[in-house]
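For reference, the chains in residue letters:
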Number of protein chains: 2
Amino acid sequence: MSRKLTFIPGPIEFSANVLKAMATPSQAHTSPEFIKVFQSALQKTRRVFCSSPSSASQPFILSGSGTLGWDLCGANLVNRSDKVLVLSTGFFSDSFSNCLKVYSDHVDILEAESFGDVVDLQKFKSKISNLQYDVITITQTDTSSGVLSNVEEISKIIKDVSPNSLIVVDAVCATACESLEFDSWGIDYVLTASQKAIGVPAGLSISIASKRAIEKALSKEKPTSFFADMKRWIPIMQAYEAGKGAYFATPAVQLVHALDVSLDELLASGSIHERINAHKVASDNFKNKLVNELGLKLVPTSPSHAAHGLSVVYYPEGINGGDLLAKMAENGFTIASGIYKDYKDKYFRIGHMGDSVVGQRKDEFPQCYEALKKSLQQLGYKK
Amino acid sequence: MSRKLTFIPGPIEFSANVLKAMATPSQAHTSPEFIKVFQSALQKTRRVFCSSPSSASQPFILSGSGTLGWDLCGANLVNRSDKVLVLSTGFFSDSFSNCLKVYSDHVDILEAESFGDVVDLQKFKSKISNLQYDVITITQTDTSSGVLSNVEEISKIIKDVSPNSLIVVDAVCATACESLEFDSWGIDYVLTASQKAIGVPAGLSISIASKRAIEKALSKEKPTSFFADMKRWIPIMQAYEAGKGAYFATPAVQLVHALDVSLDELLASGSIHERINAHKVASDNFKNKLVNELGLKLVPTSPSHAAHGLSVVYYPEGINGGDLLAKMAENGFTIASGIYKDYKDKYFRIGHMGDSVVGQRKDEFPQCYEALKKSLQQLGYKK
């Protein structure tokens, strides 16, 4: 049997050209050849986040996992005495709050009422009306629950009720497959990672900060990290984007090459919007079939807040989770188990982002559906 | 003309099989296929550092640049009130001290008397006799000066005079091309990076901590970092080394594959010692020719403390640095400029580690020598 296809919510399957770029022969990190590639990747990163250079925002492409983006937020945008509010829709929101607790003594969490639900916006409004938060974080897609938060709406409320709060978005599993307009929605910091819908192997922390976020980072008196210190990275990123070399720590040359290739694929139609829309269409179609044809139940409690980069689904009654994952592997697909508190053995997750879904290899996504249908049948499941 | 060869002190040229492994198709980070590779890479990392599992040491293979290893030291092994001593032989030692100042209020630096020299060991002995340091750091090879510090001798002095001090070695440009016996020399923490003599593209921070270093990290009451928190990484590394999956942050799957392949090449003779010795022979031969045949002057003030992974050389009189680097590029090689304070325009650096020097492609190193000879001649240099 051929290799299993990776349909977890990241790392995803990579396009042939991205993988080829991973094997780019060595280049000096300050060579003219590499500077050009890094410059191009930074410029395109802005376009993925819908941010123009005139907004004085600052993209960061750093060697590290997505988690490093949490520390970039904590170490630079959060002061010890700051009040931080985390909107939680699952495991990853909670983990982000654990990171922020390293940097602030006042981290509050406002949780969704139940697993699979979004945060109640009336409660949120009342919370931020009563207490002025310095930083508010939203997990756009919580990869544990598949819940999509409405960043646009939440940001509007913040602008209205608490305009001085910095708006931080964990978009690790959302960037390039969910709408996000960095400049026009007035977001202050967004973080993502290479191995999700960005379509590049794991190893890059990718983020962007607004002018006022950068000003806060630069005004920090005493650094709380060295590797995650924006003060050190800003001149480096500015130099590369301007087509000049600079050095603080060695960039992951091959991953940046792969990123540059992948961003070309993502922006092929001229903007990121078409790619995002294609994910929506593919995801809605898949979820409809899961629910209507297979009779499965999604974890997100409404289609309106189901994320488009993955489907998070309860095991049907009588189906053992381990058996289903093993059967899917036999049928050619690696999918993921649950990952939230007491619920983790009750549901599974299928990631559907990137080349296998909306790119050259998009025929693989329907094959994944067929494999799921077959696996359930083989385990005796009937709708 | 064919591609220029990268002969800077990292990133280095990579073997064909390492580059091939970089393009490994996607795998889930907790899949049985990847767990096996990560387990193997962790076990071999121990062997590179000459540390046995029975010593209860802990290797770390993390997504990030070499600089992250400094934060791992600072955030876990250094408390705010700790006294830290940095032995400085150049730019990278000084940068390490800048990192440690983020985590401790008492960082002292003991510098070599002059650029190119090692730290005076009598002065060092007297310094640590007068003040008890909690942590002492040694930069084994300072990549800015090409100075090799005698880690074995310095460690012996510490064991003798200040046995409670943790011994930390920045071996970024030394691991796999300079001797280091982690267990038998009693070292507490060594950090390196993938893109130097380890022979893997940039993107991995690789390190190992001793039992007492781990105990100090685990006893820390309040974390000072999230991404660089050893408490979070230790169970993950232990799980993978035991052949089980675990999750804190997504590992760089393709880089770990490349690392596993490279470590096989490094340990092909059964231990790391032969590889290290081959670097020494190649380096000594090259330096002898630079000095005796070309009449050049090395930055390290004695051959006994010249590092073996690179050669750091003063421009001869009448030769403009920019011209020499450009001429070398024309002749097929990227080499590096200087990087230390007022000296940076006075010298150049040729990295000579890995496959192009002691591996399958070792004929490229003599070609680099010929290119240098030719470039100098073209610029009118006469011995």
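Residues numbered from 1 in each chain as written. Chains lettered and ligands numbered in written order. Predicted model: local features only at pLDDT ≥ 70, side-chain atom pairs only at ≥ 80, totals over all residues. Heavy atoms only, no water.

Per an unreviewed UniProt entry, chain A is named alanine--glyoxylate transaminase, and its organism is Pichia kudriavzevii. Its UniProt record, at the heading Cofactor (unreviewed entry), says of chain A: "pyridoxal 5'-phosphate". The UniProt entry for chain A carries the following comment under Sequence similarities (unreviewed entry): "Belongs to the class-V pyridoxal-phosphate-dependent aminotransferase family." (UniProt positions renumbered as here; feature names shortened; annotations may be inferred.)

### Here we look at the overall build of chain A
The helix and strand inventory of chain A stands at 14 helices and 14 strands. Taking 2.2 N^0.38 as the reference for a compact globule, 383 residues should give roughly 21 Å; the C-alpha atoms of chain A span a radius of gyration of 21 Å, in line with that estimate. Along the longest, intermediate and shortest principal axes, the C-alpha atoms of chain A span 65 × 55 × 30 Å. Surface accessibility of chain A: about 13600 Å² in total, with carbon and sulfur atoms responsible for 49%. Computed over 40 positive and 40 negative side-chain charges, the separation of the two mean positions in chain A equals 2 Å. (Helix = DSSP H or I, 4+ residues; strand = E, 2+ residues; numbered from the N terminus. Rg over C-alpha atoms; globule rule 2.2 N^0.38 Å. Areas by Shrake-Rupley, 256 points an atom, 1.4 Å probe, with all protein chains shown as cover. Lys, Arg positive; Asp, Glu negative; His and termini not counted. Charge placed at Lys NZ, Arg CZ, Asp CG, Glu CD.)

### Concerning the sheet that holds strand β11 (residues 310-314) of chain A
Residue and element names in this part refer to chain A. Spatially, β11-β14-β13 is the arrangement adopted by the three strands of the open sheet, whose pairing is antiparallel. One side of each edge strand has no neighbouring strand; the edge strands of this open sheet are β11 and β13 (336-337). Looking at chain direction, β11 and strand β14 (residues 347-351) are connected through five bridges and run antiparallel. Bridging from a neighbouring strand, L310 pairs with G351 of β14. (Pairing = 2+ DSSP bridges.)

### Some details on the UniProt feature "domain: Aminotransferase class V" (unreviewed entry) in chain A
Following the UniProt record, the feature "domain: Aminotransferase class V" (unreviewed entry) maps to residues 78-338 of chain A here. Across residues 78-338 of chain A, the secondary structure splits into 40% helix and 18% strand, with the terminal C-alpha atoms separated by 31 Å.

### Focus: the nonpolar core
Counting residues in hydrophobic clusters, the biggest one holds 222 residues, and the most contacted among them are F124 and M230 of chain A together with F124 and M230 of chain B. Ignoring anything within four residues of it in the chain, the contact list for F124 of chain B reads L85, L87, L110, V119, I136, I154, I157 and I158 of chain B. (Core = buried A, V, L, I, M, F, W, Y, C linked by side-chain atoms within 4.5 Å. Buried < 20%, exposed > 50% of the residue type's maximum accessible area, 1.4 Å probe, protein only. Contact = heavy atoms within 4.5 Å.)

### Digging into the sheet that holds strand β5 (residues 135-139) of chain B
All names here are of chain B. The sheet built from seven strands is open, its strands ordered β2-β10-β9-β8-β5-β3-β4 with mixed pairing. Sheet topology places β2 (58-63) and β4 (106-111) at the edges, where each strand pairs with a single neighbour. Strand-to-strand twist of the sheet, defined as the mean angle between neighbouring strand axes without regard to direction, takes the value 20°. By the bridge criterion, five bridges tie strand β9 (residues 189-193) to strand β10 (residues 204-209) in an arrangement that is antiparallel. Bridging from a neighbouring strand, V190 pairs with I208 of β10. Packed onto the sheet, helix α3 (residues 67-77) meets β2, β5, β8 (166-170), β9 and β10 and runs at close to 155° relative to β9. (Axes fitted to C-alpha atoms, helices over the stretch in contact; angles between N-to-C directions.)

### Considering the UniProt feature "binding site: substrate" (unreviewed entry) in chain A
Residue and element names in this part refer to chain A. The feature "binding site: substrate" (unreviewed entry), as annotated in UniProt, sits at R349 in this numbering. Position of R349 among the secondary structure elements: in strand β14. A residue is classified by how much of its surface remains accessible, and R349, at 9% relative accessible area, is buried. The contacts of R349, once residues within four sequence positions are left out, are F7, P9, T143, S144, S311, V312, I335, A336, S337, G338 and I339. A polar side-chain atom of R349 sits 2.8 Å from the main-chain carbonyl oxygen of T143. (Polar contact = N/O pair within 3.5 Å; in protein donor to acceptor, adjacent residues only side chain to side chain.)

### Considering the pairing of strand β5 (residues 135-139) of chain A
Residues and elements named next belong to chain A. The buried fraction of β5 amounts to five of the five residues, a majority that puts the element mostly inside the structure. Neither face of β5 is open: one carries V135, T137 and T139, the other I136 and I138, and all of them are buried. Two strands pair when backbone bridges link them, and strand β3 (residues 83-88) and β5 are joined in this way by four bridges, in the parallel orientation. Counterpart to V84 in the pairing with β5 is V135. Across five bridges, the pairing between β5 and strand β8 (residues 166-170) is parallel. Bridge pairing in β8 links I136 to I167.

### So, helix α2 (residues 32-48) of chain A
Residue and element names in this part refer to chain A. Taking 1.5 Å per residue, 17 residues should reach 24 Å; α2 reaches 25 Å between its end C-alpha atoms and fits that length. Residues F34, I35, V37, F38, S40, A41, L42, K44, T45, R46 and V48 constitute the buried set of α2. As for α2, its buried residues are in contact with β2 (58-63), β10 (204-209), α9 (230-241) and α10 (253-266). Positive backbone phi, at 55°, marks C50, one or two positions downstream of α2. (Expected span 1.5 Å × (residues − 1).)

### Focus on the packing of helix α8 (residues 211-219) of chain A against α9 of chain A
Residues and elements named next belong to chain A. In the contact formed by α8 and α9, the axes pass within 9 Å of each other and the chain directions differ by 125°. Viewed along their axes, α8 and α9 adopt a mutual orientation that is oblique. Across the interface between the two elements, I214, A217 and L218 from α8 touch M230, K231 and I234 from α9. (Parallel < 35°, antiparallel > 145°, perpendicular 65-115°, else oblique.)

### Some remarks on the interface of chain A and chain B
Listed per partner, the contact involves 58 residues of chain A and 58 residues of chain B. Of the roughly 4000 Å² buried between chain A and chain B, counting both surfaces, carbon and sulfur atoms make up 64%. Of all residues in chain A, S26, F226 and F227 of chain A give up the largest surface area on contact with chain B, accounting jointly for 15% of the area buried on that side. Summed over the shared surface of chain A and chain B, the result is two salt bridges. The interface formed by chain A and chain B contains 18 residue pairs in polar contact (both at pLDDT 80 or more). Those elements giving two or more residues to the side of chain A that touches chain B turn out to be α1 (16-22), α3 (67-77), α4 (91-103) and α10 of chain A. (Buried area = accessible area lost by both parts, 1.4 Å probe. Salt bridge = Lys/Arg side-chain N within 4 Å of Asp/Glu carboxyl O.)

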